[in-house]
Amino acid sequence: MKIVSISSPKSVNGKFIIQFDDDTEIKASVAQIADFGIYTGREFTEEEHASLCEAVSLGSAKARALRILGSRTMSSKEVAKRLIAKGDAPENASAAVEWLESIGAINDEEFAKSIVLHYSTKGYGMARIRDELYRRGIDRELWDDALSCIDSSNDSAYEFLVKKLRGNDDRDELRRAADSLVRRGYSYSEARSAVSRYEENIEEIREAAQ
């Protein structure tokens with residue numbers, strides 16, 4: 001198999017199109033051209049051609065992974081899933097993710113902690129935070145360490161009621177607010193405890209709201 005031409009159209013964003021004498025072509029980067037010693041007229045064995053194709057595919061997966069991470073922070077599983085959905089082979093998606101981890105672009109441990117901090121600060125309960133860790137593809141062995149970042153004295157459930165009700169002691173409103181806490185990931189006992197505390201401090205809350 002021989003290379004018959006090498007071109008660099010503007011439409012392929014810095015890649016070079018390598019045309020072979022069997023009418024197939026490959027889009028390669030400058031680094032890949034250097035690594036494989038590519039030049040017009042060079043003969044490739046089937047094994048060399050396969051190696052070049054693999055390198056090009058992996059390079060494309062890495063570039064796509066970087067573009068994906070450019071939109072928002074993701075876990076390793078999220079990036080791999082996106083790459084596969086875009087058409088990359090699972091082994092290339094896995095290799096690209098490992099590369100991103102090696103250069104520090106992906107760190108699931110730190111990402112898990114940031115998720116826990118974000119949602120606990122927003123006033124969500126433990127169940128909702130766990131659901132978010134699961135949804136983001138964070139491995140379970142990282143959960144406990146990340147969840148330990150939550151302050152044990154966290155008053156977020158109570159603070160949610162104070163902000164939502166602002167001194168209102170209507171029973172129906174209290175019930176609906178307690179239901180909201182449960183939907184936000186708090187247990188029923190946590191919701192009841194927050195409501196009880198709210199009722200105990202109702203006068204103080206009303207004064208502060210004025």
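Here the structure is a predicted model, which is why all the values come from computation and not from measurement.

### Description of the pattern of salt bridges
Next, step 1: For the coordinates displayed, the defined rule picks out 15 salt bridges.
Next, step 2: Of the charged contacts, one joins Glu78 and Arg72 as a salt bridge, the two residues approaching to 3.6 Å between their closest N and O atoms.
Next, step 3: The closest approach of N and O atoms between Arg175 and Asp172, which form a salt bridge, is 4.0 Å. Pair noted here: Arg175 and Asp172 are both in helix α9 (residues 171-183), with a separation of three residues, about one helical turn.
Next, step 4: Residues participating in the shared-partner salt-bridge network are Glu132, Arg135 and Arg136.

### Looking at the packing of helix α2 (residues 46-69) against helix α3 (residues 76-85)
Relative placement of two packed helices is described by the angle separating their axes and the distance separating the axes.
Next, step 1: Running from N to C, α2 and α3 cross one another at 120 degrees; their axes reach a closest spacing of 10 Å. Compared by their axis directions, α2 and α3 come out oblique. When you trace α2 past α3, the crossing you get is right-handed. For the pair formed by α2 and α3, the contact residues are Ala61, Arg64, Ala65, Ile68 and Leu69 on the first element and Val79, Arg82 and Leu83 on the second.

### Description of helix α8 (residues 156-165)
Next, step 1: Every buried residue of α8 is listed here: Ser156, Ala157, Tyr158, Phe160, Leu161 and Leu165.
Next, step 2: A positive phi of about 50 degrees marks Arg166, the residue just after α8.

### What about unusual backbone geometry?
Next, step 1: With phi around 70 degrees, Asp23 is a residue other than glycine that occupies positive phi space.
Next, step 2: According to the relative accessible area criterion, Asp23 is exposed, its value standing at 69%.
Next, step 3: Located in the positive-phi region is Arg166, a residue other than glycine, with phi close to 50 degrees.
Next, step 4: Tracing the backbone through its elements, the reader meets Arg166 in the loop between α8 and α9.
Next, step 5: A relative accessible area of 53% means that Arg166 is categorised as exposed.

Criteria and thresholds
- Residues numbered from 1 in each chain as written.
- Predicted model: local features only at pLDDT ≥ 70, side-chain atom pairs only at ≥ 80, totals over all residues.
- Heavy atoms only, no water.
- Salt bridge = Lys/Arg side-chain N within 4 Å of Asp/Glu carboxyl O.
- Helix = DSSP H or I, 4+ residues; strand = E, 2+ residues; numbered from the N terminus.
- Axes fitted to C-alpha atoms, helices over the stretch in contact; angles between N-to-C directions.
- Parallel < 35°, antiparallel > 145°, perpendicular 65-115°, else oblique.
- Left-handed = near helix turned anticlockwise from the far one by under 90°.
- Contact = heavy atoms within 4.5 Å.
- Buried < 20%, exposed > 50% of the residue type's maximum accessible area, 1.4 Å probe, protein only.

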